[in-house]
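An overview of the molecular structure
Here's the letter readout for the chains.
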Amino acid sequence: MAELLSVQVPCGSTVGGYAEFHKSMACTTGKGHDATYLIPSNHRAYPASLSQEHSFSHNRISNDLRKKVVNGAGVIMSRLPKRPPVDIDFSDLAFSVPEGRNRGYKTILKGVSGRFKSGHLTAIMGPSGAGKSTLMNITAGYRISNVVGSIRVNGRERNLRKFRKMSCYIMQDDHLHPHLSVLESMNISANLKLGDKVSASEKADVINEILETLSLTECQDTRASDLSGGQRKRLSIALELVNNPPVMFFDEPTSGLDSSSSFQCINLLKTLAQGGRTVVCTIHQPSAKLFEKFDHLYALADGQCIYRGPVLGLLRFLSSLGLECPSYHNPADFMMEVASGEYGDVTPKMVTAVYNSKCDNTALPRQNSMHKIKNNEYSEGGQSCSQAALSGSGTSSLYNCSTGETKICLPSPHHSLLTSDDESIDDIPSSFPTSGWKQFVILFKRTFLSIIRDGMLTKMRLCSHLLIGLLIGMLYYNIGSEASQVFSNSGCLFFCMLFLMFTAMMPTILTFPLEMNVFMREHLNYWYSLKSYYLAKTMADMPFQVIYPLLYVVLVYFMTGQPLEPERFLMFTCMCIMTSLVAQSLGLAIGAALNIQGAVFLGPITSIPVLLFSGFFVTFSTIPIYLRWISYVSYVRYGFEGTLLAIYGFDRQPLHCSEAYCHFKSPKKFLQQMDIEGAQYWLDFLILLCFFVLLRAIGYFVLRWKLKSER
């Protein structure tokens, strides 16, 4: 039955190529956007007598329709939270970007106006560089700087904070957490977006209903990294459907999908719009089959609006300007060719026509066409489609004896998933659904689980600490108490600082660049605050950053024969872990500020002065006065200094000497040689702690600045 259901649209001789291209389709639509479906039947399966044993019951039709009308996307999702319908009006929107130093500005949008209505699937189309994504980013609230014009929601000036809470933006690329399953991702979304006021059982019902509606139930235990392209796209939509946003924006939803997956995706968006939502998406060059699914078209060329109105009125509008679409030609392709200038420079003429509201009068007489079909073809049923829809049943069917077709009528679904018109968007709170602490707990668990499941990185970090620890232990075996090997032992201690610094800094440099797209999507869709995300992200990796250095220190400390005193072992371990945490904080700050390429390059570069002025290569007294300030900002200096004090300070007993004379048999002489005789261990520890806090704060403010600069 799934392949027999098809949405019928009006056509006629006046629409030229569009009618020729789709001349095999019937012509019916209902008032108020009632969806009408025709089910052709062969006479053996559905006899004209409509005997009881062969006739369709209303219940069976209703169930089949819900399950299969859009290849698995159901029409009704009754368990979702109720939301008020939203209409978006924008007028005289203009946007410019700087072209470079002393080169002025480039105008992307040039005073465009329009409206996105609830219950409509709207397509924004145009050639590359026409301003499609820019217009959608501005109306979605993703772009707020350098924007001129007004945006109104339900007739009132937009409150951006509330608007972000009741809208969602699904990007072109499906940025998901690869190590989480579909069900785990949905649970996290529900816990963050529905808050504590909704019980766990109600959240589970919402999740199950969405997964069933979007045909994701079978893959609910599959990790996102193993999903197909269509499943990833549907999961991206499902994550945002949890709180039932009345406004949904999609950036190139069919990008990277095959024709079948693209058709299912657009069908799903159509169903979401029929539920009363305002669904807006940019689309580059759809097929005719996809193009006819859209209710409303907003076309751009050179930053100006060249058409805004119903899709079915596009070719009539172009025809009124002397632009005839060839027969058997995709109307979307023809519009793109016109916008690209292949039929001459007609953009000014089209912009003028739009400004004069000529495109508002191109809609086909859908109501009259529908009444004609109802009165003539289906009069034998004794009940019109609209009457059946109003009779109280969710769906109705009529059988035509002469044509052998069963007609199914869906009621107008504009507010089936939304509240009544009496409820205002003012009732939507501007705060997050969950508290900051609850957000932190949820995000901490998610990040910790992702780290555990990232087997490659986790195993590599563990193996590297164990193998390098064994290697250093064997290389410097049992030299810790030998007076003649103090410089070799200091080299061992310095290498510990070097190794722990790089193993902590380099992986965390990629933390924010790799997840920036996921973070942008979730934060701007109002899942959580920046503070909760940053705190959870930085705290989740800290247990590993303590355990790995601890394993390394245990191997190196005892294999190299360092003093077997619990106090010295604890002081040495604390200094190694603090150096590792400071290096991790520096990596987070660098990663928050730069992209992947810049962060990977800058990370090792910043390590050079830190190591050079650490006190191992050059003692403090030999550094030129005008460069000594650099040693004060070298955190490795304090870590190296602290490890030397832990091993040789605190009045350690004379070292063992296996040679005739050992100059550094007294540990104090060696500390004097290294210019750290008067250093204080706890002062070094406190300075490292200050570095840790300062770099973490810098990372937060850098990420906050980057988030604002993106908008």
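The structure this text deals with has already been given above.
Residues numbered from 1 in each chain as written. Predicted model: local features only at pLDDT ≥ 70, side-chain atom pairs only at ≥ 80, totals over all residues. Heavy atoms only, no water.

So, the overall build of the protein
In plain terms, the rule: Segments assigned H or I by DSSP are reported as helices when at least four residues long, segments assigned E as strands when at least two residues long, and all are numbered from the N terminus. The buried label applies to any residue whose accessible area, calculated with a 1.4 Å probe on protein chains only, is under 20% of its type's maximum; exposed applies above 50%, and partly exposed to all values in between. By definition, residues are in contact when any of their heavy atoms lie within 4.5 Å.
The helix and strand tally for the protein stands at 26 helices and 13 strands. Looking at the 711 residues of the protein, the share that counts as buried comes to 54%. By sequence separation, contacts in the protein at least 24 residues apart represent 76% of the contacts at least 6 residues apart.

Some remarks on the state of the cysteines
Think of a disulfide as a covalent bridge from one cysteine sulfur atom to another cysteine sulfur atom. Operational definition: A pair of cysteine sulfur atoms is labelled a disulfide when the two atoms are within 2.5 Å.
According to the stated counting rule, one finds one disulfide in the structure shown. The disulfide partner of cysteine 657 is cysteine 662, and the S-S distance across this bridge is 1.8 Å. Where cysteine 657 bonds to cysteine 662 through sulfur, the torsion about that S-S bond is close to 80°, and the disulfide is right-handed. In this structure cysteine 657 comes out as partly exposed when scored by relative accessible area, which is 22%. Residue classification places cysteine 662 among the buried positions, given a relative accessible area of 10%. No disulfide involves cysteine 492; its nearest neighbouring cysteine sulfur is the one of cysteine 496, lying 4.6 Å away. Cysteine 574 takes part in no disulfide bond, and the closest cysteine sulfur, belonging to cysteine 576, lies 9.4 Å away.

Some details on the nonpolar core
Formally: Only buried Ala, Val, Leu, Ile, Met, Phe, Trp, Tyr and Cys residues count toward a nonpolar core, and they belong to the same one when joined by side-chain atoms within 4.5 Å.
By size, the foremost hydrophobic cluster in this structure holds 115 residues, and its most contacted members are Met186 and Ile237. Not counting residues within four places of it along the chain, the set of residues in contact with methionine 186 comprises Ile207, Ile210, Leu211, Leu235, Ala238, Leu239 and Val242. Of all hydrophobic cores here, the second largest spans 57 residues; its members include Cys492, Leu586, Ile590 and Ile676.

What to know about the sheet that holds strand 2 (residues 88-98)
To keep things clear, this is the line we draw: When DSSP finds two or more bridges between two strands, those strands count as paired. Lines fitted to C-alpha atoms define the axes, with helix axes restricted to the stretch in contact, and inter-axis angles between N-to-C directions lie between 0 and 180 degrees.
The antiparallel open sheet is built from four strands, whose spatial order is 3-2-5-6. Either end of the sheet is taken by a strand with one partner, and the two such strands are strand 3 (105-116) and strand 6 (156-157). Sheet analysis places strand 2 next to strand 3, joined by nine bridges and oriented antiparallel. Note on strand 3: the bridge partner recorded for phenylalanine 95 is leucine 109. The strands touched by helix 3 (residues 132-140) are strand 2, strand 3 and strand 5 (147-153); relative to strand 2, the strand with the most contacts, the crossing angle is about 120°.

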